[in-house]
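# Structural description and commentary
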Amino acid sequence: MPRKRPEPACLLRAQLLKYQAQIANHRSIDGPRRVIDDMPSLEQRLQEILDITNSISRPPTNMLFFVMYDITSNKVRRAVVKYLARMGCHRVQKSIFLADVSAEKCRQIQSDLAQVQAMYENDDSIFIVPLSVDYVRSMKVIGKNVDFDLIMHSASSMFF
């Protein structure tokens, strides 16, 4: 009777094991170029950030951090995107997520992403940058026609 393979720790690890097998078999790993997924509008993404920073019920034990990555493989990048979304991270840009999760979940994300990085030969990079709520509130958006100060309710107005 054949031995059963051990179950991967998470879906991300399972997908990356498949990716490694494809590298070993020298098959094309990326296939045709396509859009990873549709992004919410900028206003929706800003609203998600506001919901995090302005939440009264935000647990004091939660950690706020950015996850930023530069991953060349579409398959690995897609797996990381799905994994971060499943872990409760909010997509800010195509390669940047904002997370507001418990310290335990933060350590798990760091560990899982470190495993991803170690699984195959690459020049990819993943950054995890801790933040404070004040830094997020002072964020500025450049390049779109969005008045972030107005959205954040931080603009001062005087009426005469």
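Because the structure is a prediction, the values reported are computed rather than measured.

## As for the environment of Val133
- On the secondary structure map, Val133 appears in helix H5 (residues 133-137).
- Using a relative accessible area of 18% as the deciding quantity, one classes Val133 as buried.
- The spatial distance from the C-alpha of Val133 to the C-alpha of Leu64 is 7.4 Å, given a sequence separation of 69 residues.

## Overview of the packing of helix H3 (residues 74-86) against helix H4 (residues 103-119)
- At a closest axis distance of 12 Å, the pairing of H3 and H4 adopts a crossing angle of 170 degrees. By the angle between their axes, H3 is roughly antiparallel relative to H4. Between H3 and H4, the residues in contact are Val76, Val80, Tyr83 and Leu84 and Gln108, Ile109, Asp112, Leu113 and Val116, respectively.
- For the contact of H3 with H4, a count of residues per class yields 7 nonpolar, 1 polar and 1 charged.

## A look at the sheet that holds strand S1 (residues 62-70)
- If you trace the 4 strands from one edge of the open sheet to the other, you get S2-S3-S1-S4, paired in antiparallel fashion. Strand pairing shows two members of the sheet lacking a second neighbour, strand S2 (90-93) and strand S4 (125-131), which therefore form its edges. Pairwise comparison of adjacent strand axes, ignoring direction, gives a mean angle of 25 degrees for this sheet.
- Relative to strand S3 (residues 96-102), S1 runs antiparallel, the two sharing 7 bridges. Residue pairing across strands places Met63 opposite Val101, the latter belonging to S3.
- Contacting S1, S2 and S3, helix H2 (residues 42-53) crosses the sheet at an angle of about 125 degrees to S2.

## Here's the deal with the nonpolar core
- Grouped together as the largest cluster of nonpolar side chains are 20 residues, with contacts concentrated most on Phe65, Tyr69, Val80, Leu84, Phe97, Ile109 and Leu113.
- Each residue touching Leu113, except ones within four places of it in the same chain, is listed here: Val67, Val80, Tyr83, Leu84, Ile126 and Ile128.
- In terms of nonpolar packing, the next biggest core, distinct from the first, is built from 11 residues, Leu46, Ile49, Ile52 and Met139 among them.

## Here we look at the environment of Ser125
- Within the secondary structure layout, Ser125 lies in strand S4.
- A relative accessible area of 26% means that Ser125 is categorised as partly exposed.
- Taking the C-alpha atoms as reference points, Ser125 and Asp70, 55 residues apart in sequence, are found 5.3 Å from one another.
- The residues touching Ser125, leaving out its near neighbours within four places in the chain, are Met68, Tyr69, Asp70 and Gln117.

## What about the state of the cysteines?
- Under the criterion given, the structure shown has 0 disulfides.
- In this model Cys89 remains outside any disulfide bridge; the closest cysteine sulfur is found in Cys106, 9.0 Å from its own.
- When its relative accessible area of 7% is taken as the criterion, Cys89 is described as buried.

## Considerations on H3
- If you check H3, its first and last C-alpha atoms are 18 Å apart, about what 13 residues at 1.5 Å a residue would give, namely 18 Å.
- Turning to H3, its buried residues are Asn74, Val76, Arg77, Arg78, Ala79, Val80, Val81, Tyr83 and Leu84.
- At the N-terminal boundary of H3, the capping side chain belongs to Ser73, with an oxygen 3.4 Å from the backbone nitrogen of Lys75.
- Positive backbone phi, approximately 95 degrees, marks Gly88, located one or two places after H3.

Parameters at a glance
- Residues numbered from 1 in each chain as written.
- Predicted model: local features only at pLDDT ≥ 70, side-chain atom pairs only at ≥ 80, totals over all residues.
- Heavy atoms only, no water.
- Helix = DSSP H or I, 4+ residues; strand = E, 2+ residues; numbered from the N terminus.
- Buried < 20%, exposed > 50% of the residue type's maximum accessible area, 1.4 Å probe, protein only.
- Axes fitted to C-alpha atoms, helices over the stretch in contact; angles between N-to-C directions.
- Parallel < 35°, antiparallel > 145°, perpendicular 65-115°, else oblique.
- Contact = heavy atoms within 4.5 Å.
- Nonpolar A, V, L, I, M, F, W, Y, C, P; charged D, E, K, R; others polar.
- Pairing = 2+ DSSP bridges.
- Core = buried A, V, L, I, M, F, W, Y, C linked by side-chain atoms within 4.5 Å.
- Disulfide = S-S within 2.5 Å.
- Expected span 1.5 Å × (residues − 1).
- Polar contact = N/O pair within 3.5 Å; in protein donor to acceptor, adjacent residues only side chain to side chain.

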